[in-house]
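Structural overview
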Amino acid sequence: MNVLVTGGLGFIGSHTCVELLNSGNDVIVIDDLSNAKIEVKDYIRKITGKGIIFYQGNVCDRKIMHKIFEENKIDATMHFAGFKAVGESVSKPLEYYDNNITSTLVLCEIMQEYNCKNLVFSSSATVYGDPEEVPINENSSLGPTTNPYGTTKLFIEQILKDLYISDNKWNITILRYFNPIGAHESGLIGENPNGIPNNLVPYIVMVANKELPFLYVYGDDYDTPDGTGIRDYIHVVDLARGHVSALKKLDKDNVGIETYNLGTGKGHSVLDIINAFEKANSIDIPYQINSRRPGDVAVYYANPQKAFKELGFKAEKNIDDMMKDSWNFIQTAKQTQE
């Protein structure tokens, strides 16, 4: 298949491009490089031996989106492009609503115009809000969300449901994933955000690399065994494979509109992750307890059984793999620069 990947040079998008290429698909990418680096395009080729067709631009720009669909026969789209930092979304809600929702509207309008109606959407477990019970399954209550980022994902899910009701020729798969971490085992691609990272593991890695003096742990007074927040951490390569599994089903079946959790089904606290990184890489991570961040909740982990039953997807990598691969990515990048 010819697959358009929006935000395809970003953390999750780039790993998904690798898995798509390794599965025999051709990949077209649009990315505005606001949170990605152009070198990733070359790393994808180095890993897979195959190139991507790349367009630099924003999905909100109808002109470039028309150009992409005019110049390529697109069979399906994977939509990753969007702002994704929970804390930042609280301080910049208008930017998040504008970018995340508008990009989806423009993408779907252009797809409809070119009769491309196969879409895999990158959603988030944040749509569940502060869950009443865990593990969380796809039928768990949605919202109220605890931050604007999560609200944009929830709104977009509703938009896609309404789109399908209006035209059941669409095949839409919504993937709600939990906390992607890790990096490709080659060390060539991983999570490398511009500026100070908003997510836990890139922050730990920067401390390990002595780019930052210590790690802030936001809240140690949650109702959890060690007081820190618990999340379901999934290796980004597993997550990418989950997207390929969704695409295969979408290509084979008339799926209509379906939703799947992508997670491991296990929860780990912030201190668990710090300890795991220290153990896996023999590096001490100094940290400082700070107050809770707006929009964070105490415990989040998935019931991933639906994805296993219907997509044949199961996360294979463990926390040790995630910690080793995250550090290997930074070490490889350092060697490349030298």
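Going along each chain's sequence as written, the residues are numbered from 1 onward. The predicted origin of the model limits local features to residues at a pLDDT of at least 70 and limits the giving and counting of side-chain atom pairs to 80 or more, whereas totals for whole chains, interfaces and linings rest on all residues. Based on all heavy atoms of the structure, the side-chain values leave hydrogens and waters out of the count.

Hydrogen bonds between backbone groups are what pair the strands of a sheet, and the pairing can be parallel or antiparallel. In spatial order, the strands read 3-2-1-4-5-6-11; together these seven strands make up an open sheet with parallel pairing. Looking along the sheet, the strands with just one partner apiece sit at the ends: strand 3 (53-56) and strand 11 (257-262). With direction set aside, neighbouring strand axes in the sheet form an average angle of 15°. Think of it this way: DSSP has to see at least two bridges between two strands before they count as a pair. Elements are defined by DSSP. Helices are runs of H or I of four residues or more, strands are runs of E of two residues or more, and each kind is numbered from the N terminus. Two elements, strand 4 (residues 76-79) and strand 5 (residues 118-124), share three bridges in a ladder whose sense is parallel. Bridging across to strand 5, His 79 finds its partner in Phe 121. With respect to the sheet, helix 5 (residues 93-113) is in contact with strand 1 (2-6), strand 4 and strand 5, its orientation differing from that of strand 4 by roughly 180°. Here, residues are in contact when the closest pair of their heavy atoms is within 4.5 Å. Axis lines are fitted to C-alpha atoms, over the contacting stretch for helices. Their N-to-C directions set the angle, which ranges from 0 to 180 degrees. On top of the sheet, helix 6 (residues 148-166) reaches strand 5, strand 6 (171-177) and strand 11; it is set at about 155° to strand 5, its chief contact.

Our next topic: helix 9 (residues 270-281). An α-helix turns once per 3.6 residues; consequently, residues spaced three or four apart project the same way. The span expected for a helix works out to 1.5 Å for each residue beyond the first. For helix 9, which comprises 12 residues, the first-to-last C-alpha distance of 17 Å matches the rise-based estimate of 16 Å (1.5 Å per residue) to within 8%. The classification of residues rests on relative accessible area computed with a 1.4 Å probe and restricted to protein chains. Under 20% of the type maximum is buried, over 50% is exposed, and intermediate values are partly exposed. Regarding helix 9, the residues found buried are Val 270, Leu 271, Ile 273, Ile 274, Ala 276, Phe 277, Ala 280 and Asn 281. Positive backbone phi, approximately 55°, marks Ser 282, located one or two places after helix 9.

This part is about the pairing of strand 3. In this structure, strand 2 (residues 26-31) lies alongside strand 3, joined through four bridges in parallel fashion. Bridge assignment links Val 29 to a residue of strand 3, and that residue is Phe 54. For crossovers, right-handed means that the path from the first strand over the helix to the second runs clockwise, given strands pointing away from the viewer. Once you follow strand 2 into helix 2 (residues 39-48) and on to strand 3, the crossover reads as right-handed.

So, on to the nonpolar core. Side-chain atoms within 4.5 Å are what join buried Ala, Val, Leu, Ile, Met, Phe, Trp, Tyr and Cys residues into a set we call a nonpolar core. Formed by 37 residues in total, the largest nonpolar core has its most connected members in Val 5, Leu 9, Leu 20, Val 27 and Ile 44. For this core, the element with the most residues is helix 8 (residues 236-252), which contributes seven residues. Residues in contact with Leu 20, not counting those within four places in the same chain, are Val 3, Val 5, Asn 25, Val 27, Met 78, Val 244 and Leu 247. By size, the runner-up hydrophobic cluster in this structure holds 29 residues, among which are Ile 204, Ile 273, Ile 319 and Met 323.

With that settled, consider unusual backbone geometry. Of all residues except glycine, most have a negative phi; of all peptide bonds, most are trans. Looking along the chain, the bond that leaves Val 134 and enters Pro 135 is cis, with omega of 5°. Here the residue pair Gly 143 and Pro 144 is connected by a cis peptide bond, since its omega of -5° sits within 30 degrees of zero. By the secondary structure assignment, Pro 144 is in the loop between strand 5 and helix 6. A positive phi angle is found at Asn 115, which is not glycine, with a value near 55°. With respect to the element layout, Asn 115 can be found in the loop between helix 5 and strand 5. Residue Ser 282 is not a glycine yet carries a positive backbone phi of 55°. Within the secondary structure, Ser 282 sits in the loop between helix 9 and strand 13 (287-290).

Relative to each other, helix 7 (residues 200-208) and helix 9 sit at 40°, their axes nearing to 11 Å. For the element pair helix 7 / helix 9, the angle class is oblique. For the pair helix 7 and helix 9, the sense of crossing is right-handed. Only Val 270, Ile 273, Ile 274 and Phe 277 of helix 9 make contact with helix 7, whose side of the interface consists of Leu 200, Val 201, Ile 204, Val 205 and Ala 208. Gly is placed with the polar residues, together with every amino acid not listed as nonpolar (Ala, Val, Leu, Ile, Met, Phe, Trp, Tyr, Cys and Pro) or charged (Asp, Glu, Lys and Arg). Taken together, the residues of the contact of helix 7 with helix 9 sort by class into nine nonpolar, no polar and no charged. An angle counts as roughly parallel when it lies under 35 degrees, as roughly antiparallel when it exceeds 145, as roughly perpendicular when it falls between 65 and 115, and as oblique in every other case. The crossing is said to be left-handed when, going from far helix to near helix, the turn is anticlockwise and less than a right angle, and right-handed when the turn is clockwise.

So, on to the packing of aromatic side chains. Between two aromatic rings, the relevant description is the distance of the centres plus the angle of the planes. A pair of Phe, Tyr and Trp rings is counted when the ring centres sit within 6.5 Å of each other, with Trp represented by its six-membered ring. The angle between the planes then sorts it: under 30 degrees is stacked, over 60 is edge-to-face, the rest tilted. Taken as a whole and assessed by the stated rule, the structure comprises seven aromatic pairs. Centre to centre, the rings of Phe 277 and Trp 327 are 6.0 Å apart; their planes meet at 80°, and the pair counts as edge-to-face. Of the two residues, Phe 277 is situated in helix 9 and Trp 327 in helix 11 (residues 319-337); the sequence distance between them amounts to 50 residues. Note on accessibility: Phe 277 and Trp 327 belong to one class, buried. An aromatic cluster of three or more residues is present, and its members are Phe 214, Tyr 216 and Tyr 218. To sit over a ring, a charge needs its Lys NZ or Arg CZ within 6 Å of the ring centre and within 35 degrees of the ring normal. The ring centre of Tyr 260 lies 4.9 Å from the NZ or CZ of Lys 306, which sits over that ring.

On to the side chain of Thr 224. By secondary structure assignment, the location of Thr 224 is in the loop between strand 8 (215-218) and strand 9 (230-231). At 2.8 Å, the side chain of Thr 224 forms a polar contact with the backbone oxygen of Thr 228. When neighbours within four sequence positions are excluded, Thr 224 is seen to be in contact with Ile 230, Ala 298 and Val 299. A 3.5 Å cut-off defines polar contacts: any pair of N or O atoms within that distance qualifies, except that in protein one atom must be a possible hydrogen donor and the other a possible acceptor, and neighbouring residues in sequence count only when both atoms are side-chain atoms.

To continue, consider the pattern of salt bridges. For salt bridges, the criterion is a side-chain nitrogen of Lys or Arg within 4 Å of an Asp or Glu carboxyl oxygen. One pass over the structure, following the stated rule, counts 14 salt bridges. Arg 292 is the partner of Asp 221 in a salt bridge, and the nearest nitrogen-oxygen pair spans 2.9 Å. One end of the pair, Asp 221, is in the loop between strand 8 and strand 9; the other, Arg 292, is in the loop between strand 13 and helix 10 (305-311), and 71 residues separate them in sequence. Residue Arg 292 is classed as partly exposed on the basis of its relative accessible area of 42%. Overlapping salt bridges, with partners in common, bring together Glu 19, Asp 238, Arg 241 and Glu 316 in one network.

This next bit is on the environment of Gly 10. One can find Gly 10 in the loop between strand 1 and helix 1 (11-22). Note: C-alpha distance between Gly 10 and Gly 24 (14 residues apart in sequence) is 21 Å. Those residues in contact with Gly 10 that sit more than four places away from it in its chain are Asp 31 and Ala 36.

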